[in-house]
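One-letter residues, chain by chain:
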Amino acid sequence: MPRDDLTPARRLSERNVLLDEVRRSRAADTLVRLGAAFSSLGRAEEAIGFYEKALHDYREAGDSRGEALTLSSLGAAYWQCGELEQAASAFAQSVALYHALGIEDREATALNCLGMVTDALGDLDAAIGYHEQALALLWEAGDQPGEAATLDVIGIAQRRRGDFMAAQEAHEHALRIWRQLRDRAGEASCRHALAMLYEAMGDTERALTYYEWALRLRQSIDDRVGEALTSYNLAKLYERLSLLREAEALLQRAVDIEALLNMPEAAADEVELVSIRERRRQAGLTRPDDTTGRFPRLNLDGRD
């Protein structure tokens, strides 16, 4: 199966890092800082304890902003622990408080986090609804990076739901924003997502083109993790087309990067690489693999 690029979701969830708002010296603020520190160390269960104590103190003091901030942080810690129901509850409470306070940027962040957790819980329709609420707030605020990332998250979810036309519209809207911002990382992730969409739609030529386009962008900005991801998907597509030489070369590149960066996919992908090599050996390489004549490329310098 091709692999989704989670960069847009990661960009949105990283907005939930709220230490910049905790500048005071009260005990509750110190507890939030401690929670964030433990969470960053991968000790989310201990972080939850600090956040829950801070939450109690903020509520006792009637500090709704501190309460909303802590609920978002608590949701992230529960999410980190895999306790999705508790995470969803915390994010939902944070959304309600930020809405009441009129802090729309933080409300949008909490809505996007709630959408991602709800997706993980298996309710894709509800997840899309939360992301669409966030999108409206980000659009009103003129937050174009947030808008584009949210559109890509929505597009991926719509593709998984089978709503291909809506997914294409969301990704193409995001792509226009990424290109306007000259954000090559965002553009690469978006083109990767569009390639997966075209692959699901059975449009092999466009899928190949958009994977290759994404790969060039990732290489141009030295995005090694993204390069491995797109190389893997492109390799698997070539393999399905029985173009094993190209598949082997790309999968070798993915495995090399994964091994260098100690990525968890390395071992499994090495097994797949061995399998492709065996298939090539058994085929005896009776004909050269050549994609050029079979799959004419779109104009990579265009504005698609």
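Up top is the structure these notes are about.
All of these numbers come straight from a predicted model, not from anything done at the bench.

J.: Give me the pattern of salt bridges: which residues, what numbers.
T.: Taken as a whole and judged by the stated rule, the model has 23 salt bridges. Note that D223 and R218 form a salt bridge whose closest N and O atoms lie 3.1 Å from each other. R218 sits in the buried class, given a relative accessible area of 1%. With a shortest N-O distance of 3.1 Å, R279 and E239 are connected by a salt bridge. Pair noted here: R279 is in helix α14 (residues 266-283) and E239 is in helix α12 (residues 224-240), with a separation of 40 residues, a long-range link. Residue classification places R279 among the partly exposed positions, given a relative accessible area of 33%. Classification of E239 as buried rests on a relative accessible area of 13%. Each of the salt bridges in this network shares a partner with another, and the network as a whole consists of K236, E239, E272 and R279.

J.: Account for unusual backbone geometry, with residues named and values stated.
T.: A positive phi angle, near 60°, is found at D222, a position not held by glycine. At S242, a residue that is not glycine, the phi angle is positive and equals roughly 65°. Considering the arrangement of structural elements, one finds S242 in the loop between α12 and α13 (244-260). You can call S242 partly exposed: its relative accessible area is 35%.

J.: Lay out the environment of R277 with the relevant residues and their values.
T.: Following the sequence through the fold, R277 ends up in helix α14. Residues R277 and A47 lie 230 residues apart in sequence; the distance between their C-alpha atoms is 47 Å. Setting aside its immediate chain neighbours within four residues, R277 contacts E248 and Q252.

J.: Give a description of empty space enclosed by the protein that names residues and reports values.
T.: Scanning the entire structure with this criterion turns up 1 cavity of 30 Å³ or more. Computed from the structure, the largest cavity encloses a volume of approximately 40 Å³. For the largest cavity, the full set of lining residues is D4, D5, P8, D152, I156, R159, S189, H192, A193 and M196. Counting residues per element, the ones that place at least two in the lining of the largest cavity are α8 (144-161) and α10 (184-201). A total of 4 residues in the lining of the largest cavity trace back to one element, the largest contributor, which is α10. Looking at the lining of the largest cavity residue by residue, the classes come out as 4 nonpolar, 2 polar and 4 charged.

Thresholds, definitions, all that
- Residues numbered from 1 in each chain as written.
- Predicted model: local features only at pLDDT ≥ 70, side-chain atom pairs only at ≥ 80, totals over all residues.
- Heavy atoms only, no water.
- Salt bridge = Lys/Arg side-chain N within 4 Å of Asp/Glu carboxyl O.
- Buried < 20%, exposed > 50% of the residue type's maximum accessible area, 1.4 Å probe, protein only.
- Helix = DSSP H or I, 4+ residues; strand = E, 2+ residues; numbered from the N terminus.
- Contact = heavy atoms within 4.5 Å.
- 1 Å grid on protein atoms, 1.4 Å probe; cavity = no way out; pocket = protein on both sides within 12 Å on 5 of 7 lines; lining within 4 Å.
- Points joined across faces, edges and corners; volume = space filled by probe spheres on them.
- Nonpolar A, V, L, I, M, F, W, Y, C, P; charged D, E, K, R; others polar.

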